[in-house]
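# Descriptive analysis of the structure
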Amino acid sequence: MIKANPFLGNDEDRAEIWDMLVAKDIRAYTQADWSMVEDDFLEDEFFAVNAGFDSDPSKWNLAFSRFESYRDSWLEAARASLDTEYAEPLEDAVHKLTTLEQIEVKDGKAIARKQFDGTIQVVGKEPEVLNWQTLYYLKKTPAGWKIVGFTGYLPYTK
């Protein structure tokens, strides 16, 4: 079940951000097609932090100081998912367990809280468990909203 954009028709900025971080990101990842998302980033400003599922910021690390490192890691993981036999359509399964309801927009900047909570059935193996959240940092440009970074693998909270 592909989720509908809850901001469509009500809030143009949040609708654009939701489409980028949910609909487009999930489709690109499940098809391992980086070209679908490559223009969603400000490469020169980008960096990402890995929280490692730990609530203690002293244990977090600068996982990606370079955009190219993130892109390569994303592609490696996405291609591995193509080699996995899932018991359900992967795009539908990821939509089912993804939530993006909180997007704060202020002065041309935004922070979006994307959560993952659930499992994806894998044929002949234990299910994949997704249970974390990511905070995305975005900037509005003349070309639309762009990702400048994120803090990922934060412990899941309601």
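The structure reproduced in this document is the subject of the present report.

What counts and what doesn't
Residues numbered from 1 in each chain as written. Predicted model: local features only at pLDDT ≥ 70, side-chain atom pairs only at ≥ 80, totals over all residues. Heavy atoms only, no water. Helix = DSSP H or I, 4+ residues; strand = E, 2+ residues; numbered from the N terminus. Rg over C-alpha atoms; globule rule 2.2 N^0.38 Å. Buried < 20%, exposed > 50% of the residue type's maximum accessible area, 1.4 Å probe, protein only. Axes fitted to C-alpha atoms, helices over the stretch in contact; angles between N-to-C directions. Parallel < 35°, antiparallel > 145°, perpendicular 65-115°, else oblique. Contact = heavy atoms within 4.5 Å. Nonpolar A, V, L, I, M, F, W, Y, C, P; charged D, E, K, R; others polar. Pairing = 2+ DSSP bridges. Patch = residues over 30% accessible without salt bridge, like charges linked within 9 Å, V, L, I, M, F, W, Y side chains within 5 Å. Areas by Shrake-Rupley, 256 points an atom, 1.4 Å probe, with all protein chains shown as cover. Salt bridge = Lys/Arg side-chain N within 4 Å of Asp/Glu carboxyl O. Lys, Arg positive; Asp, Glu negative; His and termini not counted. Charge placed at Lys NZ, Arg CZ, Asp CG, Glu CD.

Another point: the overall build of the protein. Looking only at helices and strands, the protein has three helices and six strands in total. Written out in order from the N terminus, the α and β elements of the protein read α-β-β-α-α-β-β-β-β. For the protein, whose C-alpha radius of gyration is 15 Å, the value lies close to the compact-globule estimate of 15 Å for 158 residues. Projected onto the principal axes, the alpha-carbon positions of the protein cover approximately 50 × 40 × 30 Å. For the protein, buried positions account for 40% of its 158 residues.

Note: most residues except glycine have negative phi, and most peptide bonds are trans. Unlike most non-glycine residues, phenylalanine 53 shows phi in positive territory, near 65°. By the secondary structure assignment, phenylalanine 53 is in the loop between strand S1 (47-50) and strand S2 (61-64). Positive phi, close to 50°, is recorded for aspartate 107, a residue that is not glycine. Positionally, aspartate 107 belongs in the loop between strand S3 (98-106) and strand S4 (109-120). Residue class for aspartate 107 comes out exposed when judged on its relative accessible area of 75%.

Look at helix H1 (residues 12-31) against helix H2 (residues 67-82): their axes get within 7 Å of each other, and the N-to-C directions meet at 65°. Between H1 and H2, the interaxial angle falls into the category roughly perpendicular. Of the residues in H2, those in contact with Asp25, Ala28, Tyr29, Thr30 and Gln31 of H1 are Trp74, Ala77, Ala78, Ser81 and Leu82. Taken together, the residues of the contact of H1 with H2 break down into six nonpolar, three polar and one charged.

Bringing the sheet that holds S4 into the picture now. A sheet is described by the order of its strands in space; here six strands give the open sequence S2-S1-S6-S5-S4-S3, paired in mixed fashion. Each edge of the sheet is formed by a strand with only one pairing partner; in this case those strands are S2 and S3. Pairs of neighbouring strands in the sheet enclose a mean axial angle of 25°, with direction left out of account. In the sheet, S1 pairs with strand S6 (residues 144-155) via four bridges, with the strands oriented parallel. When the bridges of S6 are listed, asparagine 50 appears paired with glycine 152. The strands touched by H1 are S3, S4, strand S5 (128-141) and S6; relative to S3, the strand with the most contacts, the crossing angle is about 145°.

For the rest of this paragraph, the subject is the pairing of S1. Sheet analysis places S1 next to S2, joined by three bridges and oriented antiparallel. Paired with asparagine 50 across the two strands is asparagine 61, which belongs to S2.

A cluster of acidic residues, Glu38, Asp39, Glu43 and Asp44, forms a negative patch at the surface. On the secondary structure map, aspartate 39 appears in the loop between H1 and S1.

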